[in-house]
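Descriptive analysis of the structure
Here's the letter readout for the chains.
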Amino acid sequence: MKLSQYYIQTLRETPSDAEVVSHKLMLRAGMIKKAAAGIYSYLPLGLRVIRKVENIVRKYMNEAGAIETLMPSVVPAELWKESGRWFVYGKELLRFKDRHDRDFCFGPTHEEVITDIVRNDIKSYKQLPVNLYQIQTKFRDEVRPRFGLMRGREFIMKDAYSFDIDNEGAEVSYNKMKEAYCKIFEACGLKYRMVDADSGAIGGSFSHEFMVLADTGEDFVISCDNCNYSANIEKAVVVDKPEENTEALASVEERLTPGQKTVEEVAKFLNLPTKKIVKTMILKVDENVVAVMIRGDHELNLPKVKNYLGGSVIEFADKNDIEMVSDGPMGYSGPIGLKCKVYADNAIKHLKNYVVGGNKKDLHLLNVNHERDFKIEAFGDFRNATPGDTCPECNKGKFQLTKGIEVGHIFKLGTKYSEAMNCVFLDKDGKAKPMIMGCYGIGIGRTAAAAIEQNHDEKGIIWPVQLAPFEVVVVPLNTNDEDVIKTADNIYTRLLNKGVDVCIDDRNERAGVKFNDADLIGYPVRVNVGKKALADGCVEIHIRKSGEQINVLIDDACDKIINVIEGLKQ
Ligand code: ATP
Ligand code: MG
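Residues numbered from 1 in each chain as written. Chains lettered and ligands numbered in written order. Predicted model: local features only at pLDDT ≥ 70, side-chain atom pairs only at ≥ 80, totals over all residues. Heavy atoms only, no water.

This paragraph deals with helix α1 (residues 21-28). Counting buried residues along α1, six of its eight residues qualify, which places the element largely inside the surrounding structure. Here the buried face of α1 lies against β1 (32-36), β2 (39-42), α11 (444-454), β25 (456-457), β26 (460-461) and α13 (511-521). Gly30 occupies a position one or two residues after α1 and carries a positive phi of about 70°. (Buried < 20%, exposed > 50% of the residue type's maximum accessible area, 1.4 Å probe, protein only. Helix = DSSP H or I, 4+ residues; strand = E, 2+ residues; numbered from the N terminus. Contact = heavy atoms within 4.5 Å.)

The subject of this paragraph is the side chain of Lys514. Summarising the element assignment, Lys514 is placed in helix α13. Buried and without a salt bridge, Lys514 has Asp505 as its closest oppositely charged side chain, separated by 4.7 Å. Apart from the residues within four sequence positions on either side, Lys514 is in contact with Val475, Pro476, Thr479, Asp505, Asp506, Arg507 and Glu509. (Lys, Arg positive; Asp, Glu negative; His and termini not counted. Salt bridge = Lys/Arg side-chain N within 4 Å of Asp/Glu carboxyl O.)

Contacts to ligand 1 come from 14 residues, most closely from Arg140, Glu142, Arg151, Gly152 and Glu406. Here a nitrogen atom of ligand 1 and a backbone polar atom of Met150 are 3.5 Å apart. The contact in question runs from an oxygen atom of ligand 1 to an N or O atom on the backbone of Gly443, over 3.1 Å. Contact with the protein chains covers 80% of the free accessible surface of ligand 1, which is 580 Å². Of all the secondary structure elements, the ones that give two or more residues to the shell around ligand 1 are β8 (154-164) and β21 (399-414). Considering every element that reaches the shell around ligand 1, the biggest residue donor is β21, with four residues. (Near = heavy atom within 4 Å. Polar contact = N/O pair within 3.5 Å; in protein donor to acceptor, adjacent residues only side chain to side chain. Areas by Shrake-Rupley, 256 points an atom, 1.4 Å probe, with all protein chains shown as cover.)

Judged by how many residues are buried, strand β27 (residues 472-476) sits mostly within the fold: five of five residues are covered. A two-sided burial pattern is seen for β27, the buried positions comprising Val472, Val474 and Pro476 on one face and Val473 and Val475 on the other. In the sheet, β27 pairs with strand β28 (residues 502-504) via three bridges, with the strands oriented parallel. When the sheet's bridge partners are listed, Val473 is paired in β28 with Cys503. Handedness of the β-α-β unit built from β27, helix α12 (residues 482-497) and β28 comes out right-handed. Strand direction decides the pairing type here: β27 and strand β29 (residues 525-529), joined by five bridges, are parallel. Considered in β29, the bridge of Pro476 is made with Val529. (Pairing = 2+ DSSP bridges. Right-handed = clockwise from strand over helix to strand, strands pointing away.)

It is worth spelling out unusual backbone geometry at this point. Following Leu128, the chain continues to Pro129 via a peptide bond in cis, the omega torsion being 5°. With respect to the helices and strands, the residue Pro129 is situated in the loop between α5 (111-121) and β7 (130-139). Residues other than glycine seldom take positive phi values, yet Asp101 does so here, at roughly 70°. The residue Asp101 is located in the loop between β5 (94-97) and β6 (103-106) in this model.

In this section: the pattern of salt bridges. A side chain with one charge can pair with a side chain of the opposite charge if their charged atoms come near. Scanning all chains against the criterion turns up 42 salt bridges. Two residues, Arg372 and Asp373, come together in a salt bridge whose shortest N-O distance is 2.9 Å. One network of salt bridges, in which partners are shared, links Glu142, Arg146, Arg151 and Glu218.

What follows covers the confidence of the model for the protein. The share of residues in the protein with pLDDT of 70 or more is 99%, and the mean pLDDT across the chain is 95. Confidence drops under a pLDDT of 50 for residues 199-203, and excluding neighbours within four residues, the segment shows 10 contacts in the predicted structure. (pLDDT = per-residue confidence, 0-100.)

On to empty space enclosed by the protein, then. Take a probe with the size of a water molecule and roll it over the atoms, and the empty space left behind shows itself. With the rule as written, the count across this model stands at two cavities of 30 Å³ or more. Empty space within the largest cavity amounts to approximately 40 Å³. At the level of secondary structure, the elements contributing two or more residues to the lining of the largest cavity comprise β2 and β8. The element contributing the most residues to the lining of the largest cavity is β8, with three residues. The residue inventory of the lining of the largest cavity, partitioned by class, reads five nonpolar, four polar and one charged. Residue lining of the second largest cavity: Val473, Ala518, Asp519, Tyr523, Val525, Arg526, His542 and Arg544, and that is the complete set. Here the lining of the second largest cavity is composed, by residue class, of four nonpolar, one polar and three charged. (1 Å grid on protein atoms, 1.4 Å probe; cavity = no way out; pocket = protein on both sides within 12 Å on 5 of 7 lines; lining within 4 Å. Points joined across faces, edges and corners; volume = space filled by probe spheres on them. Nonpolar A, V, L, I, M, F, W, Y, C, P; charged D, E, K, R; others polar.)

Let us now look at the layout of surface pockets. When its volume is computed, the largest pocket comes out at roughly 940 Å³. Secondary-structure elements contributing two or more residues to the lining of the largest pocket are α4 (85-88), β8, β21, α10 (416-420), β24 (436-443) and α11. Across the lining of the largest pocket, the residue classes tally to 17 nonpolar, nine polar and 11 charged.

Sheet architecture is open: three strands sit in the order β4-β6-β5, paired in antiparallel fashion. Pairing within the sheet leaves two strands with one partner each, and these edge strands are β4 (74-76) and β5. Strand-to-strand twist across the sheet, computed as the mean angle between neighbouring axes with direction ignored, equals 35°. Sheet topology note: the β5/β6 ladder contains four bridges and is antiparallel. Note that in β6 the partner of Phe96 across the bridge is Phe104. (Axes fitted to C-alpha atoms, helices over the stretch in contact; angles between N-to-C directions.)

Next up on the list: helix α7 (residues 263-270). Among the residues of α7, Val263, Val266, Ala267 and Leu270 are the ones counted as buried. Axial view of α7: buried residues confined to an arc of 100°, hence all on one face. Facing away from the buried side of α7, by more than 90 degrees, are the exposed residues Glu264 and Lys268. Tucked inside the fold, the buried residues of α7 contact β13 (253-256), β14 (278-285), β18 (354-357) and β19 (363-368). Directly beyond the C-terminal end of α7, a positive phi value near 55° is found at Asn271. (Arc of directions from axis to C-beta.)

Here you go:
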């Protein structure tokens, strides 16, 4: 590609509405352009990156036996009504009518459409298993579209759906996708973690998220510093560690704590560490009000409580419910005298002489002890994991906390859609059975954005070679010097002939402008062809990632460049 004939639209200024690095740099490098909130055009350079991600995804999906297809973006409401999601999906689903007043939506995901296809085509166990995928534009009317391609409203996703005759088969299909995903993110040159997204379950679980590690991630990832255990912070299992506490029990004391509301304020006021303050959270699980006690330095984990108690909706109780069970105001609840069941996080088990709310405004109770002062229904794992907690898998390592960007998600659906939509097959015994499904998503644009979050510096993007819009840029430094032009052209053509993804910056610009653009756009390798080095028969190879500059003889240049590219892929 000759950049003089290409579409390079770099910006010097950072657009003011961009908050994260990938968004800023994609706009500045002229890769995307905003059309509306969360809706972007992919400009030519950006599209090249998108296509590279897509092709890597395609390669490993095909290799794993998945078959590419393409479904419509505009989906008739009937299918969504059949699955029931038309009524529960909410405002994220973009709905509209055609000229005949029929309801449609713009597909945010395609379980319904694929289930409809497969139920019509597949009749017998002999035709299964099958895994179909597509790479397609989705629309979700996200509440807060932000961060450019990271959380758009319109975005490109790879979605795959597997259909099996039984659970063992579904597990095989699931594991094939798990392996394919690892290969995909590896081939993209990204540092990632596969995390357990099934609450509680260790081993054999059927929901995993793939997280690219980056400081700007919206997800918190817990990982063990000793083994491979990794989980979303909300899902990470906290081990109940036996502990010896020989502290003698002291008598309960009432203490006025005027105006001290937060755990930190109360701890400071009483001159105690926050772990001595215990929060009593009043919750509503379906129609039942319960209390859950959590140590002041820990965070309540609602999904864990919900799983433990087995309700379907869990929320914080409102003012009325709190007043009803505690006879006191919101914000001062404590376990003594509560008219509901009290549960406590495992960490409370070994705690003695702690502080709780007094169920009266501005009142706290000191030296409170369970068993002696009130009854705990049961202890459980009700809190978020914290760095330093012991790993539940190896029982040795400690948890570390990192931030991650969810780029992929694999999930065993079971028979949710096949039952609702009657997607059945005839088994060997002649009986009709629902197919067991799995679904597997990758955010294509989000993966590209995540790559930037992980690989950039103050000058711009540092693309992993595998995703770069071009692997190499050849830069003639003096555009009015015939020797320079000829040599640059020659290297460019030779690289092209060797199959290198190369462009030549033959624009009539100063060298400084070309360098700045090259650093911003993030080509992994830049070849400088200038008068001075040419006098010695040399050109310079500049490696974006390391900043290394290598002088090579013109004749050796192509081999060396190919060498460097291969090295960068490792
Ligand atoms: P999130 O929790 O980030 O909203 P999700 O759980 O809704 O993601 P899935 O429905 O599992 O996501 O979609 C599969 C993949 O599609 C995600 O792993 C992510 O990479 C991508 N994705 C989802 N929503 C968006 C979005 N608004 N913009 C860009 N990519 C997205
Ligand atoms: Mg979402």
